[in-house]
Amino acid sequence: MQKNQIVDLEITDLSYEAMGVAHLDGMTVFVNNALPGEIVSTKILKVKKNFAFAKIEKIKKESPDRINVKLRQWVQTGLASLAHIKYDKQLEFKCNQVVNLLHKADLDNVKVGQTMPSPEETGYRNKAQVPVREVNGKLDIGFFRKHSHDLVPLTNFFTTDPEIDRVLIKVRDILRKNHVPAYDENRNKGEVRYLEVRRSKATGEIMVILVCLHKDFPQLKKVTKEISEIKGVTSVVLNHNPKKTNVILGKKDYLLWGEPQITDKIGDVSFKISPQSFFQINSLQTPRLYELAIQKADLKPDDVVIDAYSGIGTIGLSVAKHVKAVRGMEVIEPAVEDANANAKLNGITSAEYVVGKAEEVMPKWAKEGLKTDVIFVDPPRKGLTPEFIDAAVETGPKKIVYISCNPATMVRDLRLFKEQGYDFNEIDPVDMFPQTPHVEAVAVLEKK
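The residue count restarts for each chain, going from 1 along the sequence in the order it is written. A pLDDT threshold of at least 70 governs which residues receive local features in this predicted model, and a stricter bar of 80 or more applies before side-chain atom pairs are shown or counted, although totals over entire chains, interfaces and linings include all residues. Water and hydrogen atoms were dropped before computing side-chain values, which therefore reflect all heavy atoms in the structure.

Trainee: Which parts of the structure should I look at to understand the overall build of the chain?
Mentor: For helices the rule is a DSSP run of H or I covering at least 4 residues; for strands it is a run of E covering at least 2, with both sets numbered from the N terminus onward. Looking only at helices and strands, the chain has 10 helices and 24 strands in total. Just to be clear, the radius of gyration here is over C-alpha atoms, and the globule rule we use is 2.2 Å times residues to the power 0.38. Taking 22 Å as the expected radius of gyration for a compact globule of 448 residues, we find that the chain reaches 23 Å, a close match to that expectation. If one aligns the C-alpha atoms of the chain with their principal axes, the spans along those axes are about 65 × 60 × 35 Å. For the chain, buried positions account for 55% of its 448 residues. Taking contacts inside the chain between residues at least 6 apart in sequence as the whole, the part at least 24 apart equals 64%. Residue exposure ignores everything except the shown protein chains as possible cover, and the areas themselves are Shrake-Rupley values with a 1.4 Å probe. When the accessible surface of the chain is split by element, carbon and sulfur atoms take 50% of a total near 20500 Å². Placing the 65 positive and 60 negative side-chain charges of the chain at their respective mean positions leaves the two points 5 Å apart. Only protein chains enter the area calculation, which uses a 1.4 Å probe; residues under 20% of their type maximum are buried, those over 50% are exposed, and those in between are partly exposed. Should any heavy atoms of two residues lie within 4.5 Å, those residues are counted as being in contact. Note that His is not counted, nor are the chain ends; the positive residues are Lys and Arg, and the negative ones are Asp and Glu. Taken as the charge location is NZ of Lys, CZ of Arg, CG of Asp or CD of Glu.

What follows is the structure, given as structure tokens:
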């Protein structure tokens, strides 16, 4: 097999990144935008030792599960790499991801529920972070093509709230009109690196964040005024990111105009959201995710609950009315300030949040003799550390509720809990990110 060779392939499976999988001459070939059951004529793009990548030249036999997407850029950029697959098949694909991970871990006896569908299949995201670059001599916004830093200009981001798309385009036009230079990552020059727009589904409030190389630039005052006049915008912020890095946000935020936060809701609990606060992306699905976790946890009025990796307190404050007390920890200081402020905002006196790494705070609490009934964990994609797992077990909870955005690290961690006397018999996948391969999952571990 050689680069640029044209070959016909039969697609037999989907990879966890939603690429079509085929086999030829003892090698696995990954084909972007191809579906199981299809026969495709492809061009080989890259050949490695045991696998290769190819792109479709022509579909010779099409899958009945295919949707013909008008804007192929959604699939090409990875912004919505499942957009060409019928939604019920997307849910099936996500369920199978969890089944396959359990199989690899020799946990075939664990039941996997049907993936909970999202109330909105498109336009569900309450936040967009889009790169700003120069394309054909003009400042533009869009998304990077998969595995590259080539910007594909877009005006319809498909998975984001249409109101956010409207604001993104207006801000782009304001930057163009005022001749603000786009960031050039090769030379680490220019000005605006990213645009971030957050919108509350509950209140309609909109926050615009300009991620910039410098704290100030000549047109900033005029740009701020014009952005503040966009319908619905209640907050304009500059995030200063001076480093040559792929990390989107810098550490410092400067309020340019309006309110420092926007307010959103999960169920009947209100949350103030700062520029760098983590808040679940899918506003309508989040209450359903938390309800599922609370229902599975079977909480009691006397329970003491720990909310680990708490962010701005979304899980802990959602469970507070069901239990005696909630204690949480989070490494980002402004998020902890928001969590305690959100407790006050909702009249919740039984919840308290502290600053610190979960893997450091938990052992400290365990040494101090804290005994807990239920621990809720919703860690980042890398999952839990062995130190956290040991300390969690030491506080002797009856149950551990694991909410995960990465079932691969979740299954790894569940096995470690199992070795320490906690068992689980079911995982429930939840679709928080329609049109993408990502899947959220919930499992409840009980002390044997």
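Now that the structure has been shown, we can carry on.
Trainee: Whenever I open this one, the sheet that holds strand E11 (residues 192–199) confuses me. Can you help?
Mentor: Paired through backbone hydrogen bonds, the strands of a sheet run either parallel or antiparallel to each other. Judged by pairing direction, the sheet is mixed, and its 7 strands sit side by side in the order E10-E9-E8-E11-E12-E13-E14 without closing on themselves. At either end of the open sheet lies a strand with only one pairing partner, and these are strand E10 (151–153) and strand E14 (252–258). Sheet twist, expressed as the mean angle between neighbouring strand axes with direction ignored, is 35 degrees. Contacts from helix H3 (residues 162–177) reach strand E8 (127–135), strand E9 (138–144), E11, strand E12 (206–212) and strand E13 (233–240), with the element oriented near 145 degrees to E11. Under this scheme, a helix contributes an axis fitted over its contacting stretch, all axes are lines through C-alpha atoms, and angles between N-to-C directions fall in the 0 to 180 degree range. With respect to the sheet, helix H4 (residues 220–228) is in contact with E12, E13 and E14, its orientation differing from that of E13 by roughly 150 degrees. Two strands are counted as paired when DSSP detects at least two bridges linking them.

Trainee: Whenever I open this one, the UniProt feature "binding site: S-adenosyl-L-methionine" (unreviewed entry) in the chain confuses me. Can you help?
Mentor: UniProt positions are given in the numbering used here, feature names are shortened, and annotations may be inferred rather than shown by experiment. Mapped onto this structure's residue numbering, the UniProt feature "binding site: S-adenosyl-L-methionine" (unreviewed entry) falls at Gln280, Tyr309, Glu330 and Asp378. Here Gln280 is to be found in the loop between strand E16 (269–273) and helix H5 (286–297). Aside from chain neighbours lying at most four places away, what touches Gln280 is Asn126, Thr286, Leu289, Tyr290, Asp378, Met432 and Glu440. Residue placement: Asp378 occurs in the loop between strand E20 (374–377) and helix H9 (386–394). Discounting chain neighbours no more than four positions away, the residues touching Asp378 are Gln280, Ala308, Tyr309, Ile315, Ile403 and Glu440.

Trainee: What am I meant to see in the domain arrangement of the chain here?
Mentor: Accessible area lost during the coming together of the parts is what is often quoted as the interface size. Residue ranges assigned to each domain were obtained from an automatic or database domain assignment. What the domain assignment reports for the chain is domain 1 (5–66), domain 2 (127–266) and domain 3 (280–447). Here domain 1 and domain 3 have C-alpha centroids that lie 39 Å from each other.

Trainee: Would you take a moment to explain the UniProt feature "domain: TRAM" (unreviewed entry) in the chain for this structure?
Mentor: On the UniProt side, "domain: TRAM" (unreviewed entry) is annotated at positions that read residues 1–58 here. Annotated as 0% helix and 59% strand, the span residues 1–58 places its first and last C-alpha atoms 19 Å apart.

Trainee: Help me understand the packing of aromatic side chains in this model?
Mentor: The description of an aromatic ring pair uses the distance of the two centres, along with the angle that the planes make with each other. By convention, a stacked pair of Phe, Tyr or Trp rings (six-membered ring in the case of Trp) has centres within 6.5 Å and planes under 30 degrees apart, an edge-to-face pair has planes over 60 apart, and any other such pair is tilted. Enumeration over the complete set of coordinates arrives at 6 aromatic pairs. A centroid spacing of 5.7 Å and a plane angle of 50 degrees characterise the contact between Tyr309 and Phe388, whose relative ring orientation is tilted. Of the two residues, Tyr309 is situated in the loop between strand E17 (304–308) and helix H6 (314–319) and Phe388 in helix H9; the sequence distance between them amounts to 79 residues. Each member of the aromatic cluster is reached from another via a ring pair, and the members are Phe30, Phe51 and Phe53. In this scheme, Lys NZ or Arg CZ marks a charge over a ring once it lies within 6 Å of the ring centre and within 35 degrees of the ring normal. The ring of Tyr194 carries the charged tip of Arg133 above its face, separated from the ring centre by 5.6 Å. Directly above the ring of Tyr183 sits Arg193, whose terminal nitrogen or CZ lies 4.2 Å from the centroid.

Trainee: Looking at this model, I keep getting lost on the pattern of salt bridges. Mind explaining?
Mentor: Two side chains carrying opposite charge are able to pair once their charged atoms lie near each other. Within this document, salt bridges are pairs made up of a side-chain nitrogen of Lys or Arg and a carboxyl oxygen of Asp or Glu, the two lying within 4 Å of each other. In the structure shown here, the tally under the stated rule is 27 salt bridges. Between Glu38 and Arg66 there is a salt bridge; the shortest N-O distance is 2.8 Å. Taken together, the residues span a long stretch of sequence, with Glu38 in the loop between strand E4 (27–31) and strand E5 (39–47) and Arg66 in the loop between strand E6 (51–61) and helix H1 (73–77) at a distance of 28 residues. Of the two residues examined, Glu38 and Arg66, each falls in the buried class. Across the pair Arg187 and Asp184 runs a salt bridge whose closest N-O atoms are separated by 3.0 Å. Among the residues examined, Asp184 registers a relative accessible area of 24% and is labelled partly exposed.

Trainee: Whenever I open this one, the environment of Pro287 confuses me. Can you help?
Mentor: Mapping Pro287 onto the fold places it in helix H5. Given a relative accessible area of 16%, Pro287 falls into the buried group. Excluding anything up to four places from it in sequence, Pro287 contacts Ile266 and Gly267.

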